[in-house]
Amino acid sequence: MKICAAQMRPVKGDIQTNIEHHKKFIDLALSNGAEVIIFPELSITGYEPTLAKALATLPDDPRFDDFQNLSNTQHLTIAIGVPTKNHNGICISLVVFQPHQPGQTYSKKYLHVDEEPFFVSGQNSMDLIGNQSNIAFAICYEISVPEHAENAYKNGAEIYLASVAKTAEGVEKALTSLPDIAAKYSMTVMMANSVGHCDNFECAGTSAAWNNQGRLLAQLNDSDEGIIILDTDTQEVITRTI
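Structural notes, computed from the coordinates. (Residues numbered from 1 in each chain as written. Predicted model: local features only at pLDDT ≥ 70, side-chain atom pairs only at ≥ 80, totals over all residues. Heavy atoms only, no water.)

**As for unusual backbone geometry**
And then number 1: The backbone of Cys-140 shows a phi angle near 45 degrees, a positive value even though the residue is not glycine.
And then number 2: Mapped onto the secondary structure, Cys-140 falls in the loop between strand E7 (135-139) and helix H4 (146-154).
And then number 3: Unlike most non-glycine residues, Asp-199 shows phi in positive territory, near 50 degrees.
And then number 4: Checked against the element boundaries, Asp-199 lands in the loop between strand E10 (195-198) and strand E11 (201-204). (Helix = DSSP H or I, 4+ residues; strand = E, 2+ residues; numbered from the N terminus.)

Pasting the structure below:
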């Protein structure tokens, strides 16, 4: 299975522009044989907690129909970062489009304390995806919560995909914790981070991939948009910039 982590620079609050930008990453991923692509945390709006209430939408927002169509026609699983709303409040979510299947949502359960004024803990409609390998999602702060990776492992995950919006300091911590998770649970791990300004900080990119022994296979820089594609069968990696 070829899995892609996208490192992108979202435009603050501009959903339609970001949708079109996502499509460029998807086209590049498809041209390199990807079967799954994951985007950074809240990639559709940018990581903007103070704007989340105004920007939040439903997973079946018609503006996302092109993603389902691409998934159907290209046999690609697509996970985009979206602030979603439910009866409890606003969640930080990954809306997941799979070929010829109803859309599903993975919502962040473990929130950082700074997020609690703006978001609520999510209840998920999905835990794992994938036919050849079971894939578990994590959203940013969740990779710092030991129970999260442990539960993914206990549920049968072989691949752990982290969608994040992290500063340089946060990336430094992730570059320690994620390979440890990979080695401890024998899971292939990938991280998709944004670049550029988000909220009140700069996202530091450095998206990366590790094998199931915790060895770093590929890493992007801290400023350019691009993708990493990992073939989980051969461990070969491809990096491309946009």
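Resuming the write-up.
**Comments concerning the side chain of Thr-84**
And then number 1: Within the secondary structure, Thr-84 sits in strand E3 (residues 77-86).
And then number 2: Take Thr-84: its relative accessible area is 5%, and that puts it in the buried class.
And then number 3: A polar atom in the side chain of Thr-84 sits 2.6 Å from the side chain of Ser-93.
And then number 4: The residues touching Thr-84, leaving out its near neighbours within four places in the chain, are Ala-56, Thr-57, Pro-59, Gly-89, Ile-90, Cys-91, Ser-93, Val-95 and Ser-107. (Buried < 20%, exposed > 50% of the residue type's maximum accessible area, 1.4 Å probe, protein only. Polar contact = N/O pair within 3.5 Å; in protein donor to acceptor, adjacent residues only side chain to side chain. Contact = heavy atoms within 4.5 Å.)

**So, the sheet that holds strand E4 (residues 89-97)**
And then number 1: An order of E5-E4-E3-E2-E1-E14-E15 is seen for the 7 strands of this open sheet, with the pairing classed as mixed. Taken across any chain shown, the strands that pair with only one partner, and hence form the sheet edges, are strand E5 (104-107) and strand E15 (237-241). Averaged over all pairs of adjacent strands, the angle between their axes in this sheet comes to 25 degrees, without regard to strand direction.
And then number 2: Taken together, the 9 bridges between E3 and E4 define a ladder with antiparallel strand orientation. What sits directly across from Ala-79, in E4, is Val-96.
And then number 3: Across the sheet, helix H3 (residues 65-74) lies against E3 and E4, angled at about 150 degrees from E3, the strand it touches most. (Pairing = 2+ DSSP bridges. Axes fitted to C-alpha atoms, helices over the stretch in contact; angles between N-to-C directions.)

**Here's the deal with the pattern of salt bridges**
And then number 1: According to the stated counting rule, one finds 7 salt bridges in the structure shown.
And then number 2: Where Asp-61 meets Arg-63, a salt bridge forms, and the shortest distance between an N and an O atom there is 2.7 Å.
And then number 3: Assessed through its relative accessible area of 38%, Arg-63 is described here as partly exposed.
And then number 4: We note a salt bridge from Lys-173 to Glu-169, for which the minimum N-O separation is 3.9 Å. Of this pair, Lys-173 and Glu-169 both sit in helix H5 (residues 168-185), separated by 4 residues, roughly a single helical turn.
And then number 5: We classify Lys-173 as exposed; its relative accessible area is 56%.
And then number 6: Classification of Glu-169 by relative accessible area gives exposed; the value is 54%.
And then number 7: When salt bridges that share partners are traced, they join Glu-20, Lys-23 and Asp-66 into one network. (Salt bridge = Lys/Arg side-chain N within 4 Å of Asp/Glu carboxyl O.)

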